[in-house]
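Fold and contact review
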Amino acid sequence: MAAGTALLYDEEMTKYKLLWVDPACKIEVPERLTVSHEALVRTGLAARCVSIAVREATDEEILLVHSEEYLEAVKKTPYMTLEDLMAFTQQYGDVYFHPNIYHCAKLAVGATLQLVDSVMTGRVRNGIALVRPPGHHSQKSAASGFCIFNNVAIGARYAMQKYGAKRVLIVDWDVHHGQGVQYCFEDDPNVLYFSWHRYEHQNFWPNLRESDYDSVGKEKGAGFNINVPWNKVGMENSDYLAVFFHVLLPVAYEFCPDLVLVSAGFDSAIGDPEGKMCATPDIFAHLTHLLMNLAGGKLCAVLEGGYNLTSLAQSVCQTVQTLLGDPAPLPADLGGPCESVLKSIHCVRSAHKQYWSCLKYTADLPASELSAKSLKVAEQKTGNEPEAQEQRSPEEIVWPEPPKRLCPPVRTAVALPEGVACPDACKRCSSAEAPSSLVLNRIRGDFFKESEDKVTLTALCDLIALLERMAKNEVRNGLALVQDVSMAMVCVMQHAPTSLTNRVLLVCVGDGCVPTRITEDGKTLLVHISSTEAQGQKSKHCVPVCLRKGCSDVAGFMQAVLGLLLPLGYEYNPGLVLLVRMPGSGVCESVWQQLAGLLQGLAQGHTLVLMQENETASAGPTASALLGSPAPMLGLLGNLLSEDLEALETLRNTLQADWKLLQHQKVEEA
Ligand code: X5A
Ligand code: ZN
């Protein structure tokens, strides 16, 4: 299994800059790259990456996306006088040329392709390319928005051509619309392009009608272009996560990419003068984490924008640290998405519902939304409104530095019956480290009043010892095979350190009874995915999810995980995730590994997995998911049962009053 994170950087790409006065371009400075790289070095992250030398792209590679005429024209720029350069620049929008930019643009493409090579050959698992100039605005025959060649678009074509990648997902989290990428793949069903972007009803650059949600792709590519417009500034972490949960992730898992490319612009972070958004740098840890189990972990991030040097450097570090496998920080205090985003999400989902089975049950748009559209564009920019939202200049905005991330010395501890195999990297718990006699006696009193079942008692003590080490941050996560999962669940809730059990996200997979005493104490959010209609009480903290074909139905299961479990988990913000596989759950191994992988974005990676002791064959795969190996690809998911979709939608609707992150349309409309 490929391991490691590639870092591509070459100081040469800092060696061009704006040589004349142009207010639109003055933010695109060489320091963008130096501060990002210096921050990676200072924090020790660069040293943990695999450094890979940058090369220039060849003509042939650039021609995968650009026209010969355009390439030939750019080739002449190193020999132009300042005047000629200014004149050449004039034909394009919001971009500048410099005698050295052609060289740097070839390095930016080359770095992207080196990254694609490293990931596709398995030299590394994933990686990031810190490049200038950025790429996503440039088009077949045009420079645009600081971009000369379209790094990521060329990367996608290259991966398909050289490595036979069948499906490539491009996630563009830059705050601008990568119209160049959209134009490139509009009619191509093999490249799914997702972009969110500041739009303000077409009043924000590049002011294109085709950046709106209803540009879904053309001909065979219809459904493979997803635009999420931000129609207001000031979007926050929960707005970004809501779009991931309710638009991008379900579609991405249904698409099943062989490779994920991220147009990683950080102008979508707080403090950026272009974006004017309020999402904090740590959100990129989560966005990255949520994409890292697609495509068998093959993820290439390529820098696009990002103009507040502080915010940029912090965001780059958060992204790289996550690529390296460190646990994501707690997603503090998520509210629900704002009203404007709920509208956008609803619009995107309904524009795409005919193409993606995960979106099939989206309600139709109210007629008012469609007719209001042209009006909004016409209404705005009369030129005489006061600059109302211009309260503070982005340079003055302050936010706390992202906290240091936890890094327990032991990633995965296991409590397994003798003889059960698991990866060497796991730390086996032995009863030698068992808890105090106080705990032992309490457990004995709880479960073994009469009988003296030594073996079971020792196993439970091991489990508690493991959790105590987790609470002390000596261990990140754990796996235990136990004789009776129900008993073990109760034991954990009653005897584990309270710092972990004050808020537990309990995820039960498969049929069987969850002891009611667990859900009644208010310290647990239970999500139980099974094939049986719940007998017990549903409540805010007890969420039974029933799938007709049970947990063996991959499509239904993933729909429940992405659209329901993850948003609930993120909003609940637990101190521990307790993931329990009920005996005979029927869940297939790769889905189970996906689930274990995704849930590690919560609780700073504190996940405890419980399985029945006879599931010995699953111990290895589960442990490797906990160790951070990417889950295997799920393959094409197959169709969702409409009754399941409907039931999930109903459940989401009932719960959304209590859990705001479940909302994906305005509540009045729902
Ligand atoms: C890559 C990128 C922004 C261009 C803004 C022009 N370009 N006003 O962020
Ligand atoms: Zn941008």
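Definitions and cut-offs
- Residues numbered from 1 in each chain as written.
- Chains lettered and ligands numbered in written order.
- Predicted model: local features only at pLDDT ≥ 70, side-chain atom pairs only at ≥ 80, totals over all residues.
- Near = placed C-beta within 6 Å.
- Nonpolar A, V, L, I, M, F, W, Y, C, P; charged D, E, K, R; others polar.
- Pairing = 2+ DSSP bridges.
- Helix = DSSP H or I, 4+ residues; strand = E, 2+ residues; numbered from the N terminus.
- Axes fitted to C-alpha atoms, helices over the stretch in contact; angles between N-to-C directions.
- Contact = placed C-beta atoms within 7 Å.
- Parallel < 35°, antiparallel > 145°, perpendicular 65-115°, else oblique.
- Left-handed = near helix turned anticlockwise from the far one by under 90°.
- Domains from an automatic or database assignment.
- Buried ≥ 20, exposed ≤ 12 C-beta atoms within 10 Å, placed from the backbone.
- Right-handed = clockwise from strand over helix to strand, strands pointing away.
- Core = buried A, V, L, I, M, F, W, Y, C linked by C-beta atoms within 7 Å.
- Expected span 1.5 Å × (residues − 1).

Take the site of ligand 1 next. Around ligand 1, 15 residues are found, and the nearest of them are Asp94, Pro134, Gly145, Trp205 and Gly305. Per-class residue counts for the shell around ligand 1 are five nonpolar, five polar and five charged.

Within a sheet, each strand pairs with its neighbour through backbone hydrogen bonds, oriented either parallel or antiparallel. Taken in spatial order, the eight strands line up as S2-S1-S3-S8-S7-S4-S5-S6 in an open sheet, and their pairing is parallel. The sheet is open, and its two borders are formed by strand S2 (50–52) and strand S6 (225–230), each paired with just one other strand. On average, each strand axis in the sheet is tilted by 15° relative to the strand beside it, whichever way the strands run. Bridge count for strand S4 (residues 168–172) against strand S5 (residues 191–198) is five bridges, and the pairing is parallel. Opposite Val168, over in S5, you have Val191 as the bridge partner. On top of the sheet, helix H6 (residues 101–120) reaches strand S1 (5–8), S2, strand S3 (126–129), strand S7 (259–264) and strand S8 (299–303); it is set at about 175° to S3, its chief contact. Across the face of the sheet, helix H11 (residues 309–323) comes into contact with S1, S3, S7 and S8 while running at roughly 160° to S3.

Okay, the packing of helix H14 (residues 437–447) against helix H15 (residues 454–471) next. At a minimum axis separation of 10 Å, H14 and H15 run at an interaxial angle of 130°. Taken together, H14 and H15 sit at an angle that is classed as oblique. Our pair here, H14 against H15, has a crossing hand that is right-handed. Counted together, Val439, Leu440, Ile443 and Arg444 of H14 and Leu457, Leu460, Cys461 and Ile464 of H15 form the full contact between these two elements.

Read from one edge of the open sheet, eight strands run S10-S9-S11-S16-S15-S12-S13-S14, paired in parallel fashion. Bordering the open sheet on either side are strand S10 (427–428) and strand S14 (542–546), each of which pairs with just one other strand. The sheet contact formed by strand S9 (residues 410–415) and S10 spans two bridges and is parallel. In the sheet register, Ala413 faces S10, and the bridge partner there is Lys427. Along the sheet, helix H20 (residues 589–599) contacts strand S12 (504–509), strand S15 (576–581) and strand S16 (607–612); its crossing angle with S15, the most-contacted strand, is approximately 170°.

Along its sequence, the chain is carved into domain 1 (5–372) and domain 2 (410–644). Placing the centre of domain 1 and that of domain 2 at their C-alpha centroids yields a distance of 36 Å. Contacts between the two partners involve 26 residues from domain 1, matched on the other side by 28 residues from domain 2. Elements that contribute at least two residues to the side of domain 1 that touches domain 2 include exactly helix H9 (237–255) and helix H10 (283–291). Of the residues contributing to the side of domain 1 that touches domain 2, the split by class is 16 nonpolar, eight polar and two charged.

Burial analysis of S7 places six of its six residues in the buried class, which makes it a mostly covered element. Looking at chain direction, S4 and S7 are connected through five bridges and run parallel. By the bridge assignment for S7, Asp172 is matched with Ser263. In this structure, S7 lies alongside S8, joined through five bridges in parallel fashion. Residue pairing in the sheet places Val260 in a bridge with Leu299 of S8. A crossover connection joins S7 to the parallel S8 through H10; in handedness this β-α-β unit is right-handed.

Okay, the nonpolar core next. Formed by 219 residues in total, the largest nonpolar core has its most connected members in Ile170, Val262, Leu463, Val507, Leu578, Val580 and Leu610. Per-domain counts for this core show at least three residues from each of domain 1 (5–372) and domain 2 (410–644). Contact partners of Val507, with chain neighbours within four places excluded, come to Val527, Leu565, Val577, Leu579, Val580 and Leu599.

Once that is clear, we can look at helix H19 (residues 554–572). With 19 residues, H19 ought to run about 27 Å at 1.5 Å a step, and its terminal C-alpha atoms sit 25 Å apart, in line with that. Counted residue by residue, H19 has 19 buried out of 19 residues, so it is predominantly covered. Following H19 by one or two positions, Asn573 has its phi on the positive side, about 55°.

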